[in-house]
Amino acid sequence: MDCRRFGGKNAIVTGGGRDIGKAIVLRLGAEGANVAVNYNSSADAAEKVVSELRAMGVKAFGVQADVSTVDGVEKLVKESLAGFGSGIDVLVHNAGGLIDRVKVMDMPDSLWDAVMQLNLKSAFLLAKSVKPNMSPGGAIVHVGSAAARSGGGLGAAAYGASKGGLLTFTRGLAKELARENIRVNVVEPGLIDTRFHEKTDPEVLASLAKGIPLGRMGTSDEVASVVVFLASDDASYITGEAVQINGGLAFV
């Protein structure tokens, strides 16, 4: 008998090829989960992660799909079900991004729509497609952002709004699925050391980190540990919750 928390369970992780997504995928695999590693353009990174998972002795495969589109989500779910040979137990929706940093007054409608499509509508599309293939006891975890509370940095109002919408959507969906014993939660990372900040001036990042009570940026593994907890039966009485992972930068 596999005593690992996810022994024999099937998990889909969107944006699973690098940074936070990669850390989540590897933790799930270490806990015994079979994992469908979704990616959009990071094929090489995703395949490396898949190889690491297979070395752990779990079933793993990559699925290229743009989860901001109906066709992409349908492809992801169809190929995941085929790869697993059974249903879906866990969905971790980590795909998302800023796209561009533009002030509201200078922002074209197309950029606003693209940010909402990527960060918010994708969660809606995934929920509609995954839920019919998820048994009672399943879990959905969204990866949000501290920007949901703060509004984001300069030029990131659309991103902040999309993540704020993701927070509200998580809570609404949690209420709808609770009677079927499917839990839905969201994590809200703060300043995490990932490629999200690769274009930020290192001195600016260092200054921001000093302002955090714990005095440093967070790591992808620290986010992944919370995500995996929420996806597990250890969190069986937690749903509709938003967990902030920010080193004490903000309290709500």
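Residues numbered from 1 in each chain as written. Predicted model: local features only at pLDDT ≥ 70, side-chain atom pairs only at ≥ 80, totals over all residues. Heavy atoms only, no water.

Draft legend 1. The arrangement of helix α4 (residues 109–130) in detail. The terminal C-alpha atoms of α4 lie 30 Å apart, and with 22 residues this matches the ideal 32 Å at 1.5 Å per residue to within 8%. At Gln117, α4 shows its maximal bend, which comes to roughly 45°. Within α4, burial applies to Leu111, Val115, Met116, Leu118, Asn119, Ser122, Ala123, Leu125, Leu126, Ala127, Ser129 and Val130. Of the surrounding secondary structure, the elements contacted by the buried residues of α4 are β1 (10–14), α3 (70–84), β4 (88–93), β5 (134–143) and α6 (157–177). (Helix = DSSP H or I, 4+ residues; strand = E, 2+ residues; numbered from the N terminus. Expected span 1.5 Å × (residues − 1). Bend = angle between axes of the 7 residues up to and from the residue. Buried < 20%, exposed > 50% of the residue type's maximum accessible area, 1.4 Å probe, protein only. Contact = heavy atoms within 4.5 Å.)

Draft legend 2. Quick look at the nonpolar core. Counting residues in hydrophobic clusters, the biggest one holds 34 residues, and the most contacted among them are Ile24, Leu28 and Leu53. Of all the secondary-structure elements, those providing two or more residues to this core are β1, α1 (19–30), β2 (34–39), α2 (43–55), β4, β5 and α8 (220–231). Ranked by the residues each element gives to this core, the list is headed by α8, at seven residues. Setting aside chain neighbours within four positions, we find Ile24 in contact with Val13, Val92, Val143, Ala224, Val227 and Val228. Listed in part, the 24 residues of the second largest apolar core include Ala36, Val67, Ala127 and Val184. (Core = buried A, V, L, I, M, F, W, Y, C linked by side-chain atoms within 4.5 Å.)

Draft legend 3. Highlighting α3. Here α3 is 15 residues long and its end C-alpha atoms lie 21 Å apart, about the 21 Å a rise of 1.5 Å per residue gives. Looking at α3, one finds that the buried residues are Gly72, Val73, Leu76, Val77, Ser80 and Phe84. Relative to the axis of α3, the buried residues are bounded by an arc of 130° and lie together on one face. Opposite its buried face, α3 presents the exposed residues Asp71, Lys78 and Ala82, each directed more than 90 degrees away. Tucked inside the fold, the buried residues of α3 contact β1, β2, β3 (60–64), β4 and α4. Among the residues trailing α3, Gly85 stands out with phi positive, at a value near 80°. (Arc of directions from axis to C-beta.)

Draft legend 4. A look at the sheet that holds β1. Taken in spatial order, the seven strands line up as β3-β2-β1-β4-β5-β6-β7 in an open sheet, and their pairing is parallel. Strand pairing shows two members of the sheet lacking a second neighbour, β3 and β7 (242–245), which therefore form its edges. Shown here is a sheet whose adjacent strand axes are inclined to one another by a mean of 20°, direction ignored. Where strand β6 (residues 183–189) lies against β7, four bridges are found, and the strand directions are parallel. Along β7, the bridge assignment pairs Val186 with Ala242. (Pairing = 2+ DSSP bridges. Axes fitted to C-alpha atoms, helices over the stretch in contact; angles between N-to-C directions.)

Draft legend 5. A look at the side chain of Thr194. Among the secondary structure elements, Thr194 is positioned in the loop between β6 and α7 (202–210). For Thr194, a relative accessible area of 15% corresponds to the buried category. Excluding its chain neighbours within four sequence positions, the residues that come into contact with Thr194 are Asp19, Ile20 and Ser220.

Draft legend 6. Main features of the side chain of Ser145. With respect to the secondary-structure elements, Ser145 resides in the loop between β5 and α5 (147–150). Judged by its relative accessible area of 8%, Ser145 is buried. At a separation of 3.0 Å, a polar atom in the side chain of Ser145 contacts the main-chain amide nitrogen of Ala147. Residue contacts for Ser145: discarding those within four places in its chain leaves Tyr159, Lys163, Val187, Glu188 and Pro189. (Polar contact = N/O pair within 3.5 Å; in protein donor to acceptor, adjacent residues only side chain to side chain.)

Draft legend 7. A look at the pattern of salt bridges. Evaluated as defined, the whole model comprises seven salt bridges. A salt bridge links Asp234 to Arg5, with the shortest nitrogen-to-oxygen separation between them at 3.0 Å. One end of the pair, Asp234, is in the loop between α8 and β7; the other, Arg5, is in the segment before β1, and 229 residues separate them in sequence. A salt bridge links Glu180 to Lys131; the shortest N-O distance between them is 2.6 Å. (Salt bridge = Lys/Arg side-chain N within 4 Å of Asp/Glu carboxyl O.)

Draft legend 8. Highlighting the packing of α1 against α8. Two elements in contact, α1 and α8, have axes whose closest approach is 8 Å; the angle formed by their N-to-C orientations is 50°. With respect to α8, the element α1 is oriented oblique. Note that α1 runs across α8; the crossing there is right-handed. Only Ser220, Asp221, Val223, Ala224, Ser225, Val227 and Val228 of α8 make contact with α1, whose side of the interface consists of Asp19, Ile20, Ala23, Ile24, Arg27 and Leu28. (Parallel < 35°, antiparallel > 145°, perpendicular 65-115°, else oblique. Left-handed = near helix turned anticlockwise from the far one by under 90°.)

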